[in-house]
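Single-letter residue listing:
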Amino acid sequence: MKPAMETAAEENTEQSQERKGCFECCIKCLGGVPYASLVATILCFSGVALFCGCGHVALAGTVAILEQHFSTNTSDHALLSEVIQLMQYVIYGIASFFFLYGIILLAEGFYTTSAVKELHGEFKTTACGRCISGMFVFLTYVLGVAWLGVFGFSAVPVFMFYNIWSTCEVIKSPQTNGTAGVEQICVDIRQYGIIPWNAFPGKICGSTLENICNTNEFYMSYHLFIVACAGAGATVIALLIYMMATTYNYAVLKFKSREDCCTKF
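These numbers were taken from a predicted model, which means no experiment stands behind them.

**Quick notes on the state of the cysteines**
One pass over the full model with this rule turns up two disulfides. The partner cysteine of Cys168 in its disulfide is Cys213, sulfur to sulfur 1.8 Å. The chirality of the disulfide connecting Cys168 with Cys213 is right-handed, given an S-S dihedral of about 60 degrees. Remark: Cys213 occurs in helix α6 (residues 206–213) and Cys168 occurs in helix α4 (residues 127–172); sequence separation between them is 45 residues. Assessed through its relative accessible area of 0%, Cys168 is described here as buried. According to the relative accessible area criterion, Cys213 is buried, its value standing at 10%.

Structure (structure tokens):
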């Protein structure tokens, strides 16, 4: 029979080895996480959600403002209404696509990191796997360039609403000389090209313009367009991170025969 002291020492040694084994396993698992792809996925989901959600509501508010104040004849802005409705449907498609694409890129990041670091024994990549990784690199670059255009386009309504808001601030300014001076300050929405030049009234002046700026539709649409533009910018940043991560992972995956190759992406 072994003494009680020896038995207790052996049990403590076994427990310490089990704890050490769990710790090393956790470190290996954390080492295989593609942190850049994870951050890019979170940023991409957040940016696309802000762009699509706020953009959809802001477009609806813009149509309401145009119909109530700048273009009372329905035929004058019929084409614009159809375009905005089409853009709202496109927003649904963008949200769905990027939700799936973000998950695929995150899964590809896990696959590439595990393959390169060979955390699971003799895990070997194939030519098909490298081809798929290269395809993701190309597609991410194309989407990044496209979203730069989306980001620039989303700044246009922000610029337009800011001009209207700044004009209303001029009307409220104490430097404005009397009622006659106020009524000479106008905003012609036709100059932005969103409604035709024969639209009536098309131009709003003075106190009427100030009342428009005080409506909930204008206030909400203006701020929602700002948030949507910020969401588009966040998506561009996320795609830039995806570009770096996918490019680096593909390059290391291609030359993974070197034992010193490893990636944190």
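Moving on from the model shown.
**Considering a nonpolar patch on the surface**
Taken together, the side chains of Phe99, Leu100, Ile103 and Ile104 present a nonpolar region at the surface, about 380 Å² in accessible area. Relative to the assigned elements, Phe99 resides in helix α3 (residues 78–117). When its relative accessible area of 46% is taken as the criterion, Phe99 is described as partly exposed.

**Here we look at the nonpolar core**
Of all hydrophobic cores here, the largest spans 51 residues; its most connected members are Phe70, Phe98, Trp147, Phe161, Ile164, Ile189 and Leu209. Counting only elements with at least two residues in this core, the list comes to α2 (35–70), α3, α4, α6 and α7 (216–254). Apart from the residues lying within four places of it in its own chain, the contact partners of Ile189 are Leu66, Phe70, Met160, Ile164, Ile194, Ile195 and Gly202.

**Brief notes about the environment of Tyr141**
Tracing the backbone through its elements, the reader meets Tyr141 in helix α4. Taking the C-alpha atoms as reference points, Tyr141 and Thr246, separated by 105 residues in sequence, lie 9.8 Å from one another. Excluding anything up to four places from it in sequence, Tyr141 contacts Met243 and Thr247.

**Focus on the UniProt feature "transmembrane region" (unreviewed entry) in the protein**
UniProt feature "transmembrane region" (unreviewed entry): in the numbering of this structure it lies at residues 38–66, 86–111, 132–156 and 224–248. End C-alpha atoms of residues 38–66 are separated by 42 Å, and the span's content is 100% helix alongside 0% strand. Taken end to end, residues 86–111 comprises 100% helix and 0% strand; its first and last C-alpha atoms sit 37 Å apart.

**Some details on the pattern of salt bridges**
For the structure shown, the criterion picks out two salt bridges. Where Lys172 meets Glu169, a salt bridge forms, and the shortest distance between an N and an O atom there is 3.9 Å. Of this pair, Lys172 and Glu169 both sit in helix α4, three residues apart, which is roughly one turn of that helix. Lys172 gets classed as partly exposed once you look at its relative accessible area, which sits at 40%. Look at Glu169 and you get partly exposed, because its relative accessible area is 33%. With a closest N to O distance of 2.9 Å, Arg190 and Asp188 form a salt bridge. Given the relative accessible area of 16%, Asp188 is considered buried.

Parameters and conventions
- Every chain is numbered independently, its residues counted from 1 as its sequence is written.
- Given that the model is predicted, a residue must reach a pLDDT of at least 70 before its local features are reported, and side-chain atom pairs must reach 80 or more before they are shown or counted; all residues, however, enter totals for whole chains, interfaces and linings.
- Only hydrogens and water are set aside; all other atoms, that is, all heavy atoms of the structure, feed into the side-chain values.
- Only a pair of cysteine sulfur atoms within 2.5 Å qualifies as a disulfide here.
- Only DSSP runs of H or I covering at least 4 residues are called helices, and only runs of E covering at least 2 are called strands; the numbering of each starts at the N terminus.
- Summary of the burial criterion: residues with accessible area below 20% of their type's maximum are buried, those above 50% are exposed, and those between are partly exposed, where the area comes from a 1.4 Å probe applied to protein chains only.
- Here, patches come from residues exposed beyond 30% relative accessible area and free of salt bridges, joined within 9 Å for like charges and within 5 Å for nonpolar side chains (Val, Leu, Ile, Met, Phe, Trp, Tyr).
- Only the protein chains shown count as covering a residue, and every accessible area follows the Shrake-Rupley method with a 1.4 Å probe.
- By definition, a salt bridge exists where a carboxyl oxygen of Asp or Glu is found within 4 Å of a side-chain nitrogen of Lys or Arg.
- Working definition of a nonpolar core: buried Ala, Val, Leu, Ile, Met, Phe, Trp, Tyr and Cys residues. They are joined through side-chain atoms within 4.5 Å.
- Only heavy atoms enter the contact rule, under which two residues are in contact if any of them lie within 4.5 Å.
- UniProt positions are given in the numbering used here, feature names are shortened, and annotations may be inferred rather than shown by experiment.

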